Amino acid sequence: MTRSTAEVVADIVADVLGIEEIDPADSFYDHDGTSLQALRICARIERATGVALTPVDLLDNDVLGDFVALVSARSAGDGG
Amino acid sequence: MTAADGAGPSLVHQAVARTAERFPRATALVHRGSRVEYADLHRRALAVAARLAGQGIGAGAVVPLCAPRCPELVVAQLGVLWCGAAYTIVDPRWPAERRLAIGDLVAAPLVLAADPGQDWGGRPTLPLTAARPPRAGAAGAAHPSAAAPATEVDAGAAATVVFTSGTTGRPKGVVLPHRAVTRMFRGAPPPGFGPGHAMPQGAPPWWDMYSYELLGQLMTGGTSLLVDGDYLTPGTLRRMVRQDGATTLRLTTSLFTLFVDEDLESFAGLGTVLVGGERLPAPHAARFLRRYPRTALLNAYGPTESCMHTTTHRVRPEDCADGADIPIGSPVPATTVLVLDGQGRLCPPGQTGEICVAGDGLATCYLGEPELTARAFAPVEVGGASVRAYRTGDYGLVDPDGLLRFRGRRDRQTKIAGHRVEPAEVEAAARRSPGVRDCAVTVVDQALALFYVPGDGPGGPAAVRHDLLSRLPRPLVPTIVRALDRLPLTPNGKLDHDALATAARTPTTRTRSTR
């Protein structure tokens, strides 16, 4: 079964932040997220989904649910 | 430990002009897919110089350039240098308080800004795009060399002022002369620099490694690939290798380890990778060399006060045994390293002392801080002669192979993602917050952490952090902020770092972030 982009992204964010599961209403900053963690998340998402991101995409969309939606939308926009 | 220098121009703008003369059609800059040739860069720089000279800018002036990385910024830098003046690069997102303090410190006669509407406390502000070439037929366009200001400065004149974290709570301006920037690029280009080479420019423009990446290539005939935005990602690196022919890369150590962890293949195609700013973990270096045995991996060391690198070491597989401490190596050209004991005597090989640096890389001074300058750049006696040397505050030793090794800090200075952070500067800023009575700043799990005892003023951790964002550049703002009833102390009265780390790892009650 193929997992959706949203699921893949949510898992990567949770893994890098060291939490079980993300709460879509949480901010990246609520988890003391650093810019290096943001870069790690982006690098991992790009490898997994092909969606090119920069840490600013996460730092400016720090509510995790918004960020997941942003990546999903870009992924759909790329035809995949 | 000393290395000699080469014979090229010792002034930055003249070294770039010489490249433009030798390779006029070569690509100097690439940004967002468009290219700037050397001849064009040179012509535009002279046009800016003519305009600035017309505003009275000359030797001794320091001009703030407030812009993100872009070709116009590079043109403006060279234009200022052609006037005999120096520049300091300011991040447009820095808090107004810091921006204005910098304008005062350098006594800026005017400011060139990407956003000329930005408040500089009444200082004249011109658009950075004054850096655009003048209309055809306008003065200076047809015969740019005729318009070049005739200002003569020597290699000891200031080229740039770099602001770094200081312990006083004020921005600390390190004044770097031309010779400090040119010294390692005057002879044969270092590995990865010069014609045929292209290098991503990802260091923040306000940092001295920006000069290394950008001017290092422009003074030797290589191409600088200006990263769009703040961060080079592994994906961007892959595209720069594929589309722009990147051959050379510099990364701070924490980014290098991240790239190795997440996307080792992103380095494919590079010939030289330079890493520095923090201790290089041996397992990451080993993984890199196993995958890229022919790529030069250089471990570099150097404080801003001795511009760019002080020492480098080409990492060998035998340096990377588990738990090994990878050497920081041997001095770069025109640079001397002295390891001195507490009495100022040269340490024999194997003995740990303070790393002191002499040579052409040294800063002239800390701007407006004569006492601090005198303390940090005191002369040392070596072999009967007195030389000016910078006391780094780093401990090190020279190993039996003659290679320098890093052994820690004398004080509390630390690195976050490769950037120097003085906890005292962050504490000074936090104490000014109405919500903070007492505080301590430390590093927990590679993140900057602020612990504070709440004051009478309003505000929880999010508000305190928000307040700090209005006073400090983002890299100095702690990502972990915790309120405590009191700061934990060890039985002998020192700050209890273990207890702080435990507090940092305990999640707070969630408060919506105000950033």
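Every chain is numbered on its own, with residues counted from 1 as its sequence reads. Throughout, the order in which chains and ligands are written sets their labels, letters from A for the former and numbers from 1 for the latter. Given that the model is predicted, a residue must reach a pLDDT of at least 70 before its local features are reported, and side-chain atom pairs must reach 80 or more before they are shown or counted; all residues, however, enter totals for whole chains, interfaces and linings.

Caption draft 1: Representation of the overall build of chain B. Segments assigned H or I by DSSP are reported as helices when at least four residues long, segments assigned E as strands when at least two residues long, and all are numbered from the N terminus. The secondary structure content of chain B amounts to 14 helices and 28 strands. With C-alpha atoms as the basis for the radius of gyration, the globule rule is written as 2.2 Å multiplied by the number of residues raised to the power 0.38. A compact globule built from 515 residues should have a C-alpha radius of gyration of about 24 Å, and chain B, at 23 Å, falls within 12% of that. Along the first, second and third principal axes, the C-alpha atoms of chain B reach 75 × 55 × 50 Å. Exposure in this text rests on C-beta crowding, where 20 or more other C-beta atoms within 10 Å of a residue's own make it buried, 12 or fewer make it exposed, and counts in between make it partly exposed. The C-beta atoms are placed from the backbone. For chain B, with 515 residues in total, the buried portion stands at 52%. Residue pairs at least 24 apart in sequence account for 66% of intrachain contacts in chain B once pairs closer than 6 positions are excluded. What counts as a contact is two residues whose backbone-derived C-beta atoms lie within 7 Å of each other.

Caption draft 2: Structural detail: the overall build of chain A. Helix and strand content of chain A: 4 helices and 0 strands. Each helix and strand of chain A, placed in order from N terminus to C terminus, yields the pattern α-α-α-α. The C-alpha radius of gyration computed for chain A amounts to 11 Å, which stays within 12% of the reference 12 Å derived for 80 residues, consistent with globular compactness. Overall, chain A is about 35 × 25 × 20 Å in size when its C-alpha atoms are taken along their principal axes.

Caption draft 3: Local environment of the packing of helix 2 (residues 38-54) of chain B against helix 3 (residues 71-82) of chain B. All names here are of chain B. Contact pair helix 2 / helix 3: the axes reach a minimum separation of 7 Å and the direction vectors enclose 55°. With respect to their mutual orientation, helix 2 and helix 3 come out oblique. Handedness of the helix 2/helix 3 crossing: right-handed. Of helix 3, the residues touching helix 2 (which contributes Leu41, Arg44, Ala45, Leu46, Val48, Ala49 and Leu52) are Val74, Val75, Ala76, Leu78, Gly79, Val80 and Trp82. For helices, the fitted axis covers only the stretch in contact; all axes are lines through C-alpha atoms, and the angles between them, taken along N-to-C directions, range from 0 to 180 degrees. Note on terminology: angles under 35 degrees are roughly parallel, angles over 145 are roughly antiparallel, angles of 65 to 115 are roughly perpendicular, and the others are oblique. Two helices cross in a left-handed way if the nearer one is turned anticlockwise from the farther one by less than a right angle. They cross in a right-handed way if the turn is clockwise.

Caption draft 4: Region of interest: the sheet that holds strand 27 (residues 447-454) of chain B. All names here are of chain B. The criterion for strand pairing is that DSSP finds at least two bridges linking the strands in question. Read across the sheet, 3 strands follow the order 26-27-28 without closing on themselves; strand pairing throughout is mixed. The sheet terminates laterally at strand 26 (436-444) and strand 28 (480-483), the two strands that pair on one side only. Neighbour-to-neighbour, the strand axes of the sheet open up by a mean angle of 20°, direction not taken into account. Bridge analysis of strand 26 against strand 27 gives 8 bridges, and the strand direction is antiparallel. Bridged to Asp438 within strand 27 is Val453. With respect to the sheet, helix 12 (residues 423-431) is in contact with strand 26 and strand 27, its orientation differing from that of strand 26 by roughly 150°. The sheet contacts of helix 13 (residues 461-469) involve strand 26, strand 27 and strand 28, and relative to strand 28 the element is tilted by about 130°.

Caption draft 5: Looking closely at unusual backbone geometry. Residues and elements named next belong to chain B. Of note, the phi angle at Met308 is positive, near 65°, even though the residue is not glycine. Residue placement: Met308 occurs in the loop between strand 14 (296-301) and strand 15 (311-314). Residue Met308 is classed as buried on the basis of its C-beta count, with 27 C-beta atoms lying within 10 Å. Not every positive phi belongs to a glycine, and Gln446 is a case in point at roughly 65°. Position of Gln446 relative to the elements: it lies in the loop between strand 26 and strand 27.

Caption draft 6: The sheet that holds strand 11 (residues 223-226) of chain B, seen in detail. Residues and elements named next belong to chain B. The 4 strands are arranged 3-2-11-10 in an open sheet whose pairing can be described as mixed. Because the sheet does not close on itself, it has two edges, and the strands there are strand 3 (34-37) and strand 10 (198-201). Here the strands of the sheet are splayed against their neighbours by 20° on average, with no regard to which way each runs. As judged from the 4 bridges shared by strand 10 and strand 11, these two strands associate in the parallel manner.

Caption draft 7: Examining the interface of chain B and chain A more closely. Every contact between the two is made by 18 residues of chain B and, on the other side, 21 residues of chain A. Secondary-structure elements contributing two or more residues to the side of chain B that touches chain A are helix 8 (234-244) and helix 9 (253-263) of chain B. Here the term charged refers only to Asp, Glu, Lys and Arg, the term nonpolar to Ala, Val, Leu, Ile, Met, Phe, Trp, Tyr, Cys and Pro, and the term polar to all other amino acids, Gly among them. Of the residues contributing to the side of chain B that touches chain A, the split by class is 6 nonpolar, 6 polar and 6 charged.

Caption draft 8: Main features of the confidence of the model for chain B. All names here are of chain B. Residue-level confidence of the predictor, termed pLDDT, takes values from 0 up to 100. Confidence along chain B averages 91 in pLDDT terms, with 93% of residues attaining 70 or more. Low pLDDT (under 50) marks residues 133-146, which in the prediction has 18 contacts with non-local residues, meaning those over four places away or in another chain. The model gives residues 509-515 a pLDDT under 50, and that stretch makes 17 contacts with residues more than four places away or in other chains.

Caption draft 9: Quick look at helix 4 (residues 96-105) of chain B. All names here are of chain B. Those residues of helix 4 lying buried are Arg98, Arg99, Ile102, Gly103 and Leu105. Here the buried residues of helix 4 occupy an arc of 165° about the axis, which is enough to place them on one side. Ala107 sits one or two positions beyond helix 4 and adopts a positive phi of about 50°. Along the arc lie the directions from the helix axis toward the C-beta atoms.

Caption draft 10: A look at the packing of helix 1 (residues 5-17) of chain A against helix 4 (residues 64-77) of chain A. All names here are of chain A. Between helix 1 and helix 4, whose axes approach to 9 Å, the crossing angle comes to 135°. When the axis of helix 1 is compared with that of helix 4, the two are oblique. Crossing geometry of helix 1 relative to helix 4 is assigned as right-handed. In this structure, helix 1 uses Thr5, Ala6, Val9, Ala10 and Val13 to contact helix 4, whose residues at the interface are Leu64, Val68, Val71, Ser72 and Ser75. Class assignment of the residues belonging to the contact of helix 1 with helix 4 gives a composition of 7 nonpolar, 3 polar and no charged.

Caption draft 11: Geometry of the pairing of strand 9 (residues 172-177) of chain B. Residue and element names in this part refer to chain B. Among the 6 residues that make up strand 9, 6 are buried, leaving the element largely enclosed by the rest of the structure. Going residue by residue along strand 9, you find Lys172, Val174 and Leu176 tucked away on one face and Gly173, Val175 and Pro177 tucked away on the opposite face as well. Here strand 9 pairs with strand 19 (residues 365-366) via 2 bridges, running antiparallel. Each bridged residue has a counterpart across the sheet, and for Val175 the counterpart in strand 19 is Cys365.

Caption draft 12: Spatial organisation of the pairing of strand 3 of chain B. Residue and element names in this part refer to chain B. As paired elements, strand 2 (residues 27-31) and strand 3 share 4 bridges and run antiparallel to each other. Across the sheet, Val30 pairs through a bridge with Arg35, a residue of strand 3. Hairpin connection between strand 2 and strand 3: a loop of 2 residues separates the two successive antiparallel strands, and Arg32 in this loop has a positive phi of roughly 50°.

Caption draft 13: Looking closely at the nonpolar core. Residues and elements named next belong to chain B. Core analysis: the largest hydrophobic core is formed by 176 residues, its most contacted members being Val62, Val63, Leu65 and Ala449. Looking at this core, the element that brings in the most residues is helix 2, giving 10 residues. With residues near it in sequence (within four places) discarded, Ala449 still touches Val441, Thr442, Val443, Val444, Pro478, Ile480, Leu500 and Ala504. A set of buried residues drawn from Ala, Val, Leu, Ile, Met, Phe, Trp, Tyr and Cys, joined through C-beta atoms within 7 Å, is what defines a nonpolar core.

Caption draft 14: Summary view of the environment of Ser470 of chain B. Residue placement: Ser470 of chain B occurs in the loop between helix 13 and strand 28. The spacing of Ser470 of chain B and Pro95 of chain B is 375 residues in sequence and 5.3 Å in space, taken between C-alpha atoms.

Caption draft 15: Representation of the environment of Glu21 of chain A within the structure. Residue and element names in this part refer to chain A. Along the polypeptide, Glu21 turns up in the loop between helix 1 and helix 2 (35-49). Its 8 C-beta neighbours within 10 Å are what place Glu21 among the exposed residues. Counting along the chain gives 10 residues from Glu21 to Asp11, while the straight-line C-alpha distance between them is 7.3 Å.

Caption draft 16: Broad picture of the environment of Asp341 of chain B. Residues and elements named next belong to chain B. Following the sequence through the fold, Asp341 ends up in the loop between strand 17 (335-340) and strand 18 (353-359). In this structure Asp341 comes out as partly exposed when scored by C-beta crowding, with 13 C-beta atoms within 10 Å. Here Asp341 is in contact with Cys347 and Gly353, once residues within four sequence places are set aside.

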